[in-house]
Amino acid sequence: MQQTLSIIKPDAVKKGVIGKILDRFESNGLRIAAMKKIQLSTEDAKAFYAVHKDRPFYGELVEFMTSGPVVVSILEGENAVAKNRELMGATNPKEAAPGTIRADFADSIDANAVHGSDSLENATIEIAFFFSNREIL
C-alpha cells in the first residue's frame, strides 16, 4: 500500500471542481487518507518548490501557488504514485490523454489543475511537508 501527495491547485479550486477531481481518485481505487484546504504563504510555496528554484518558471510558480487556496491530500492505494500520475495526465494539458484530470480541468501548462508526487521517495518528503502523523488516518 503506497501513499502519495496530491494538490488541487488554485485554478481548479477557483473553478469549483474539487469534488470532481476527488471523485476521480476514489473511483479509481485511491483512498483519501488525509485532506485539508489551505492558503500557501510565499515562504511555504518557495520551500515546497525549492527543487525548481534555479528554473526560469520558479517565481511564476510560487506566485501562482499562492494566488488562492489549494486542497492538499494524501492518496493511498496500490501503486498510488503511478496511479495518481496516470489519472492526472501530462503536465501540459494539451498533451494530456482525454479523460485525465489535466485534459478535463486544466487551462495551461502553468495552471494545470493538480500536482502529484513523482516518486515514492518524493511522496514521503511532500507528505511530511504538509501533514503531521496524527492527521493521517
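Residues numbered from 1 in each chain as written. Predicted model: local features only at pLDDT ≥ 70, side-chain atom pairs only at ≥ 80, totals over all residues. Heavy atoms only, no water.

Rule in force here: UniProt positions are given in the numbering used here, feature names are shortened, and annotations may be inferred rather than shown by experiment.
In the annotation of an unreviewed UniProt entry, the entry for the protein chain reads Nucleoside diphosphate kinase, and the organism field reads Campylobacter blaseri. Of the protein chain, the UniProt comment under Sequence similarities (unreviewed entry) reads exactly: "Belongs to the NDK family."

### Quick look at the pairing of strand β1 (residues 2-8)
This is how it is decided: Under the scheme applied here, a residue whose accessible area is under 20% of the maximum for its type counts as buried, over 50% as exposed, and between as partly exposed, the area being computed with a 1.4 Å probe on protein chains only. Strands here are runs of E lasting at least two residues and helices are runs of H or I lasting at least four, both read from the DSSP assignment and numbered beginning at the N terminus. Here a strand pair is declared whenever DSSP counts at least two bridges between the two strands.
In terms of burial, β1 is a largely internal element, five of the seven residues being buried. Two strands pair when backbone bridges link them, and β1 and strand β3 (residues 70-77) are joined in this way by seven bridges, in the antiparallel orientation. Within β3, the position partnered with Gln3 by the bridge is Glu76. Direction of pairing for β1 relative to strand β4 (residues 114-116): antiparallel, over a ladder of three bridges. In the strand pairing of β4, Ser6 is matched with Gly116.

### Points about the packing of aromatic side chains
To be explicit about the condition: Pairing of aromatic rings covers Phe, Tyr and the six-membered ring of Trp, with a centre-to-centre limit of 6.5 Å; geometry is then stacked below 30 degrees between planes, edge-to-face above 60, and tilted otherwise.
Scanning the model with the defined rule gives four aromatic pairs in all. Between Phe129 and Phe130, the aromatic rings sit 4.9 Å apart at their centres with planes inclined by 75 degrees, giving edge-to-face as the arrangement. Judged by relative accessible area, Phe129 falls into the partly exposed class, the value being 35%. Classification of Phe130 by relative accessible area gives buried; the value is 8%.

### Some thoughts on the layout of surface pockets
Spelled out, the test is: Put plainly, a pocket is an open set of points on a 1 Å grid over the protein atoms alone with protein on both sides within 12 Å along at least five of seven lines, a cavity is a set where a 1.4 Å probe fits but cannot get out, and a lining residue has an atom within 4 Å of a point. Grid points are joined across faces, edges and corners, and a volume is the space filled by probe spheres set on the points. Put simply, Ala, Val, Leu, Ile, Met, Phe, Trp, Tyr, Cys and Pro go in the nonpolar bin, Asp, Glu, Lys and Arg in the charged bin, and everything else, Gly too, in the polar bin.
There is about 640 Å³ of room inside the largest pocket. Lining the largest pocket are 25 residues, and of these Tyr49, His52, Phe57, Leu61 and His115 sit closest to its centre. Contributions of two or more residues to the lining of the largest pocket are made by α3 (42-48), α4 (58-65), α5 (80-88), β4 and α7 (120-130). Top element by residues in the lining of the largest pocket is α7. It accounts for four residues. Class assignment for the residues of the lining of the largest pocket results in 12 nonpolar, six polar and seven charged.

### Structural notes on the sheet that holds β4
Strand pairs in the sheet, formed through backbone hydrogen bonds, run parallel or antiparallel to each other. To keep it simple, the criterion reads: Angular values range over 0 to 180 degrees, each being the angle between N-to-C directions of two axes fitted as lines to C-alpha atoms, with helices fitted over their stretch in contact. Whether two residues are in contact is decided by their heavy atoms, any of which lying within 4.5 Å being enough.
Taken together, four strands build an open sheet; the order of strands is β2-β3-β1-β4 and the sheet is antiparallel. Two strands bound the open sheet, and with one partner strand each, they are β2 (31-38) and β4. Sheet twist, expressed as the mean angle between neighbouring strand axes with direction ignored, is 20 degrees. Contacts between α7 and the sheet are confined to β1, β2, β3 and β4, with β1 contributing the most and set at about 60 degrees to the helix.

### Considering α7
In plain terms, the rule: The arc in question is the one traced by the directions running from the helix axis out to the C-beta atoms.
Taken together, the buried positions of α7 are occupied by Ala123, Glu126, Ile127 and Phe130. Down the axis of α7, the buried side of the element spans an arc of 100 degrees, and every buried residue falls inside it. Residues of α7 that are exposed and angled more than 90 degrees away from the buried face: Glu121, Thr124, Ile125 and Ala128. Residues of α7 that are buried make contact with β1, β2, α3, β3, α5 and β4.

### Observations concerning α5
For α5, the set of buried residues is Ala80, Val81, Asn84, Leu87 and Met88. An end-on view of α5 places all buried positions within 135 degrees of arc, on one side of the element. Of the surrounding elements, those touching the buried residues of α5 are β1, α2 (18-27), β3, α6 (101-105), β4 and α7.

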